[in-house]
Amino acid sequence: MLWSQLLPCLLVALSPAWASSSSSSPSPTPSPSPTQSAPPPAFTYNRTSFLLHGDPFVIIGGQMDPQRIPAPYWRDRLVKARSMGLNTIFSYVYWNELEPVQGEWRGGAGGSNDVAQFFRIAGEEGLKVVLRPGPYVCGEREWGGFPAWLGAVPGLTVRGGNGPFLDAAERYLRRLAREVAGLQVTRAGGPIVLVQVENEYGSYGEDHAYTAALRDVLKDAFEVPLYTNDGGVEWTLKGGEVPGVLAAIDGDPRSGFAARDRFITDESELGPLLDGEYYTTGFDTWGSGTPHAGASEAQVQRYVEDLEFVLAANNSISVYMFHGGTNFGFGNGALWKEAGGKGYTAAFVTSYDYGAPLDESGRTTPLYETLREAIARFVPAGSVPKAPRNVPLSGFANVSLGLGGALFDLLGGMATGMRRVEEPVTMEQLGQSYGFVLYRHIVAASVSGVLAPGDRARDRVIVYVNGVRRGVIDSTYATPATVELDLAQGDMLDLFVENLGRVDYWSRESGTVSALEDQAKGVKGNVTVGGEVMVGWEVFALPVETAPVFTPGSGSERAENTINAVVEGAPPVFFHGTFLVDPEAAAAGDPAALDTFLAVPDGVKGVVWVNGFNLGRYWIVGPQQSLYLPGTVLRADRENEVVVLELEPRGDKLTVFGEVERTWANYADPDYDG
Ligand SMILES: *[C@@H]1O[C@H](CO)[C@@H](O)[C@H](O)[C@H]1NC(C)=O
Ligand SMILES: *[C@@H]1O[C@H](CO)[C@@H](O)[C@H](O)[C@H]1NC(C)=O
Ligand SMILES: *[C@@H]1O[C@H](CO)[C@@H](O)[C@H](O)[C@H]1NC(C)=O
Ligand SMILES: *[C@@H]1O[C@H](CO)[C@@H](O)[C@H](O)[C@H]1NC(C)=O
């Protein structure tokens, strides 16, 4: 059909999905005369343009997810987005953090789960919002944003049209809509202008009934137009297209836009060109051989040219990421890899710096300046606010931490559950989502040979015999280390298993099994030594959601120090200590002046809490060597408490300090010489 024949009133009548179902031509109902014209829809589109209150609107967007940013810094980051020339923020929402336990909603007021508040501030700062609610978001997040409990629901397959998954996904989307639907542009001019259906679904599957079902839920819950976002090649576009939903692409806009118009033939999916994820730089995975992602001068030049290519034609784009933020706690996902028919993983680091225009701590970078200048050439003169000034990072000198307690001595207080079983049970069967599981077995009869921790390492298995580390079997490696044991009757065998982050991306062209489906953590299957099944286990659930408190005077719930000496090869140990912030930085009265990067220079692998806030994981392999410590969790007026769970302690002391300048580096893995 000819789009120019559509009268504005017809757009109103059909808004938001003017070509709703799979039939592409709106019926030619008689139109009222133009003189009695209703106001144009708040936000819609024709074949070539997004239309905001009837006027063409080019989306100059950037991605920033509220749940990766400390809530007190939301406005700062949004103001800086506006000051780079962006007019729209694209945000994923992480279902697993909003509904960590089935049926228990953790959204609402305060904290980084209050996504509605983030969108409200975006609106106040003159930004539109593109909502990307999932249920699957990829995003280098734990299981692409899926809550771990989905893995324990019988008959449930993620990203498919099966009843249990659709029920759970629909409940989540409707619950989220209750919080954010009032912020649509259709309701008193809120900021939300578009809502995404699924995410890059075409890379994963071709179940069009599934995506149509999600579309129908979203159409019922929201009024603004919907869109899909897929890689700009034929097979992903064809797998991901949804009738009545605008098809957008990601990646290279030149080939992607051409592919969109070539392979999307259903008129009801056509409209303006949008590159919904234009990648600048990229993510980091843990590993001695994986340096921090950066962009060469030539790549930056290419970003500018691509931006110009899109904006010169009045097409729309979103920079992924504008600001990455942090996978605080256990928030990171992992990549699935296959070699020689065997799967292994590459877990994403705690930092989601991404080499983005705004760095992990919210400071502008040279890339920010470059993109700001490029955007300024396409918007009315003077419409981009002044560039912000960067507040310098703070720091603190070496703090020597003392021994707190040995994790295995604190099982009574730390374990959220214990099961005595014949065969190991998985983390999910324990009702646990993240963290660690300890499997303990008392050897019944002498046995020797290679240890197999179930069907495969899920993900990092530290093996101890009588409290002494004997090796680490780690899914980070295609061929994990072999741990050979010689066990006598009565020996205590401990397998301490870390969930390194569930895989968040799997493509139907990339492998033989869907790694996205089998995400069980802990031990799945029997543990064998020399081929003999070890029967009889005590299994301790150790989500370590909070750190024990060791500091004197911290109250009655304070944990007792359980050890006074640590030798190389000992099981995990808590260290603790206190530090004061730089008084000069504190005098500024701005939490950002206290921002620092906390380093654990003698640490191997572990987790850090400051004032009870989980900063995330560190690992000597790098490239990340320090953890973003936002000033918002620090106390300017008294001591700050730091607790470190070091998984592989090498002595009685551990040092931490706060870097005033961030460093990246890679070192050899002391547990792997393959
Ligand atoms: C879409 O709307 C814009 C702005 O009103 C107009 O310039 C353009 O011609 C329209 N495109 C089509 C195909 O109708
Ligand atoms: C882009 O939009 C501007 C402002 O509406 C207009 O002047 C210009 O001609 C458009 N350029 C193209 C290539 O459509
Ligand atoms: C801080 O501690 C680290 C690790 O123990 C050590 O290498 C470094 O020399 C110390 N720095 C200072 C200034 O004492
Ligand atoms: C574990 O081993 C026992 C034999 O001891 C066997 O009966 C059971 O089927 C095995 N479980 C799995 C999951 O292979």
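Procedures and definitions
- Residues numbered from 1 in each chain as written.
- Chains lettered and ligands numbered in written order.
- Predicted model: local features only at pLDDT ≥ 70, side-chain atom pairs only at ≥ 80, totals over all residues.
- Heavy atoms only, no water.
- Core = buried A, V, L, I, M, F, W, Y, C linked by side-chain atoms within 4.5 Å.
- Buried < 20%, exposed > 50% of the residue type's maximum accessible area, 1.4 Å probe, protein only.
- Helix = DSSP H or I, 4+ residues; strand = E, 2+ residues; numbered from the N terminus.
- Contact = heavy atoms within 4.5 Å.
- Pairing = 2+ DSSP bridges.
- Axes fitted to C-alpha atoms, helices over the stretch in contact; angles between N-to-C directions.
- Parallel < 35°, antiparallel > 145°, perpendicular 65-115°, else oblique.
- Left-handed = near helix turned anticlockwise from the far one by under 90°.
- Nonpolar A, V, L, I, M, F, W, Y, C, P; charged D, E, K, R; others polar.
- Salt bridge = Lys/Arg side-chain N within 4 Å of Asp/Glu carboxyl O.
- Near = heavy atom within 4 Å.
- Polar contact = N/O pair within 3.5 Å; in protein donor to acceptor, adjacent residues only side chain to side chain.
- Areas by Shrake-Rupley, 256 points an atom, 1.4 Å probe, with all protein chains shown as cover.
- Phe/Tyr/Trp six-rings, centres within 6.5 Å; stacked < 30°, edge-to-face > 60°.
- Lys NZ or Arg CZ within 6 Å of the ring centre and 35° of its normal.

Trainee: What should I look at first to understand the nonpolar core in this one?
Mentor: If you look at soluble globular proteins, the nonpolar side chains tend to sit buried side by side. By size, the foremost hydrophobic cluster in this structure holds 117 residues, and its most contacted members are Phe-119 and Leu-150. Of the residues forming this core, the biggest block, eight residues, is contributed by helix H5 (residues 163-180). When sequence neighbours within four positions are dropped, the list of residues in contact with Leu-150 reads Trp-95, Trp-143, Leu-156, Val-158, Phe-165 and Ala-168. With 29 residues, the next largest nonpolar core counts Val-573, Phe-575, Ala-593 and Leu-594 among its residues.

Trainee: Would you mind showing me how to read the pairing of strand S28 (residues 605-610) here?
Mentor: Regular strands place their side chains on alternate faces of the sheet. Counting buried positions over the six residues of S28 gives six, a clear majority of the element. Alternating positions in S28 separate into two faces, Lys-605, Val-607 and Trp-609 on one and Gly-606, Val-608 and Val-610 on the other, with burial throughout. The pairing of S28 with strand S29 (residues 613-619) spans six bridges and is classified as antiparallel. Among the inter-strand pairings, Val-610 is bridged to a residue of S29, identified as Phe-613. Sheet analysis places S28 next to strand S31 (residues 640-646), joined by five bridges and oriented antiparallel. When the bridges of S31 are listed, Val-610 appears paired with Val-642.

Trainee: Sorry if this is basic, but what is going on with the packing of H5 against helix H7 (residues 208-221) here?
Mentor: Packed helices, taken two at a time, are described by the angle between their axes plus the distance between the axes. Relative to each other, H5 and H7 sit at 25°, their axes nearing to 10 Å. Classified by the interaxial angle, the pair formed by H5 and H7 is roughly parallel. H5 and H7 meet at a crossing whose hand is right-handed. Here H5 contributes Phe-165, Leu-166, Ala-169, Glu-170, Leu-173, Arg-174 and Ala-177 to the contact with H7, which in turn contributes Tyr-210, Ala-213, Leu-214, Val-217, Leu-218, Asp-220 and Ala-221. When the residues that make up the contact of H5 with H7 are grouped by side-chain class, the tally is eleven nonpolar, no polar and three charged.

Trainee: Can you help me understand unusual backbone geometry in this one?
Mentor: Residues other than glycine predominantly adopt negative phi, and peptide bonds predominantly adopt the trans conformation. In this structure, the amide linkage connecting Tyr-320 to the following residue, Met-321, adopts the cis form with an omega of -10°. Residue position: Met-321 is located in the loop between strand S11 (316-320) and strand S12 (334-339). Geometrically, the link from Arg-458 to Asp-459 is a cis peptide bond, its omega value of 0° lying close to zero. Of note in the backbone geometry, Cys-138 takes a positive phi value of approximately 60° without being a glycine. Following the sequence through the fold, Cys-138 ends up in the loop between strand S6 (128-132) and H5.

Trainee: Can you walk me through the pattern of salt bridges in this structure?
Mentor: Oppositely charged side chains can form a pair if their charged atoms are brought close together. A complete count under the given rule lists 41 salt bridges for this structure. Ionic pairing is found between Arg-460 and Asp-671, a salt bridge with its closest N-O pair at 3.1 Å. Residue Arg-460 is found in strand S18 (residues 460-465), and its partner Asp-671 is found in the segment after strand S32 (654-659); the two are separated by 211 residues along the sequence. The pair Arg-460 / Asp-671 is uniform in exposure class, with both members buried. With a shortest N-O distance of 3.3 Å, Lys-524 and Asp-518 are connected by a salt bridge. Salt bridges sharing partners connect three or more residues here, namely Arg-460, Arg-469, Asp-474, Glu-568, Glu-648 and Asp-671.

Trainee: Would you mind showing me how to read the environment of Trp-619 here?
Mentor: Mapped onto the elements, Trp-619 comes out in strand S29. Taking the C-alpha atoms as reference points, Trp-619 and Tyr-667, separated by 48 residues in sequence, lie 9.4 Å from one another. Those residues in contact with Trp-619, other than ones at most four positions away along the chain, are Trp-286, Arg-460, Asp-474, Thr-476, Val-604, Lys-605, Gln-624, Gln-625 and Asp-669.

Trainee: Hey, could you run me through the sheet that holds S11 in this one?
Mentor: Pairing in this closed barrel of eight strands is parallel, and the strands run S4-S5-S6-S7-S8-S9-S10-S11 around the ring. Between one strand axis and the next, the sheet turns by 30° as a mean value, whatever way the strands run. Of the pairings in the sheet, the one linking strand S10 (residues 274-279) to S11 comprises four bridges and is parallel in character. Pairing of Tyr-279 across the sheet is with Tyr-320, part of S11.

Trainee: When you look at the sheet that holds strand S24 (residues 532-533) in this model, what are you seeing that I'm missing?
Mentor: By way of backbone hydrogen bonds, the strands of a sheet pair with one another, either parallel or antiparallel. Strand order in the open sheet formed by four strands is S20-S17-S23-S24, and the pairing between neighbours is antiparallel. One side of each edge strand has no neighbouring strand; the edge strands of this open sheet are strand S20 (484-487) and S24. In terms of strand pairing, strand S23 (residues 527-529) meets S24 through two bridges, oriented antiparallel. Looking at the pairing, Val-529 lines up with Glu-532 of S24.

Trainee: Looking at this structure, how should I read the site of ligand 3?
Mentor: Taken together, the residues surrounding ligand 3 are Asn-398, Pro-601, Asp-602 and Thr-655. The side chain of Asn-398 places a nitrogen or oxygen atom 2.3 Å from an oxygen atom of ligand 3. Between an oxygen atom of ligand 3 and a side-chain N or O atom of Asp-602, the distance comes to 2.9 Å. A total of 360 Å² of accessible area belongs to ligand 3 in isolation, and the protein chains cover 33% of it.

Trainee: How should I be thinking about the side chain of Ser-203 in this particular structure?
Mentor: Locating Ser-203 in the fold gives a position in helix H6 (residues 201-204). In this structure Ser-203 comes out as buried when scored by relative accessible area, which is 6%. Among residues more than four places away in sequence, those in contact with Ser-203 are Asp-230, Trp-235, Thr-236, Tyr-505, Trp-506, Ser-507 and Arg-508.

Trainee: Where do I start with the packing of helix H10 (residues 297-312) against helix H11 (residues 366-376) in this structure?
Mentor: H11 packs onto H10 with a crossing angle of 25° between their chain directions and a minimal axis gap of 10 Å. Here H11 runs roughly parallel to H10, going by the angle between their axes. H11 is crossed by H10, and the crossing has right-handed handedness. In this structure, H10 contributes Val-300, Tyr-303, Val-304 and Leu-307 to the contact, and H11 contributes Leu-367, Thr-370, Leu-371, Ala-374 and Ile-375. Of the residues belonging to the contact of H10 with H11, the class tally is eight nonpolar, one polar and no charged.

Trainee: In this structure, what is going on with the packing of aromatic side chains? I would like to understand it.
Mentor: Within a pair of aromatic rings, the relevant descriptors are the distance that separates the centres and the angle that separates the planes. Applying the stated rule across the entire model yields 37 aromatic pairs. Considering the side-chain rings of Phe-118 and Phe-119, the 5.9 Å spacing of their centres and the 70° angle between planes classify their relative orientation as edge-to-face. Exposure class is identical for Phe-118 and Phe-119. Each is buried. Three or more aromatic residues joined by ring pairs form one cluster here, namely Trp-95, Trp-105, Tyr-136, Trp-143, Phe-146, Trp-149, Phe-165, Tyr-172, Tyr-201, Tyr-204, Tyr-210 and Trp-506. Sitting over the ring of Phe-309, Arg-254 keeps its end group 4.7 Å from the ring centre.

Function cannot be read off these values alone, since they describe shape.
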